[in-house]
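Each chain, written out:
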Amino acid sequence: MRGRIPPALCLAVALAALLPTTCARRSQDLHCGACRALVDELEWEIAQVDPRKTIQMGSFRINPDGSQSVVEVPYARSEAHLTELLERVCEKMKEYGEKVDPSTHRKSYVRVISHDGTKMDLSGVKIDGDVASSLKFACESIAEEYEDELIEFLSHEADNVKDRLCSKRTDLCDHALHIPHDEL
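Residues numbered from 1 in each chain as written. Predicted model: local features only at pLDDT ≥ 70, side-chain atom pairs only at ≥ 80, totals over all residues. Heavy atoms only, no water.

Trainee: Describe the packing of aromatic side chains, and please don't skip the residues or the numbers.
Mentor: Taken as a whole, this structure holds 0 aromatic pairs when the rule is applied. Above the ring of Tyr75, the side-chain terminus of Lys53 is found at 4.4 Å from the ring centroid. (Phe/Tyr/Trp six-rings, centres within 6.5 Å; stacked < 30°, edge-to-face > 60°. Lys NZ or Arg CZ within 6 Å of the ring centre and 35° of its normal.)

Right, here's the structure in full:
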């Protein structure tokens, strides 16, 4: 009996060794999905603003020559609008579900309620309060931690904001440069 390790102990040690990897991947999938959903929602909200709407920026003080240093900028991508959006956009995470890729077992997060009311294919999508709650919490953490980066990227029209922000700038999706671009 001495020197022989019981099979149950070997199994327990093997599972314990795999657990941190599984939890880390689940967390990475969640944070990556939250970042991508956050950017999607912000871009959609920006697109809903009338492009002719502007906001005055600058100093309202009168210069010695009698002029003011006030500039009108498009409201949609103004810092004021983006900050306002960041305060409430994570509420939209309740409109997302979790989808597991059968071949890689990686999780992604997809909208379960369309913006325009069209039917959506929800096969294989888990719609659950815990998923929405976890996604919302991750979204809020990302919005708070990367607020400056989000405003920097979204204040100007740019291509591939999701990849540039979620993969390259923040490393939240460093595994996921190949994730397909969703259209909302």
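Trainee: Any details on the packing of helix H3 (residues 129-145) against helix H4 (residues 147-154)? Residues and values, ideally.
Mentor: Orientation of H3 relative to H4, taken along the N-to-C sense of each, is 80 degrees, at an axis distance of 4 Å. Looking at the two axes, H3 sits roughly perpendicular to H4. Contacts between H3 and H4 involve Ile142, Ala143, Glu144 and Glu145 on the former and, on the latter, Glu147, Glu149 and Leu150. Along the lines of polarity and charge, the residues of the contact of H3 with H4 split into 3 nonpolar, no polar and 4 charged. (Axes fitted to C-alpha atoms, helices over the stretch in contact; angles between N-to-C directions. Helix = DSSP H or I, 4+ residues; strand = E, 2+ residues; numbered from the N terminus. Parallel < 35°, antiparallel > 145°, perpendicular 65-115°, else oblique. Contact = heavy atoms within 4.5 Å. Nonpolar A, V, L, I, M, F, W, Y, C, P; charged D, E, K, R; others polar.)

Trainee: Account for the nonpolar core, with residues named and values stated.
Mentor: Core analysis: the largest hydrophobic core is formed by 36 residues, its most contacted members being Leu38, Leu42, Leu86, Leu135, Ile142, Leu150 and Leu154. Listed by contribution, the elements that provide at least two residues to this core are helix H1 (7-47), helix H2 (79-88), H3, H4 and helix H5 (161-169). Broken down by element, the residue count for this core peaks at 9 residues, all from H1. Apart from the residues lying within four places of it in its own chain, the contact partners of Leu154 are Leu42, Glu43, Ile46, Arg77, Leu82 and Val161. (Core = buried A, V, L, I, M, F, W, Y, C linked by side-chain atoms within 4.5 Å. Buried < 20%, exposed > 50% of the residue type's maximum accessible area, 1.4 Å probe, protein only.)

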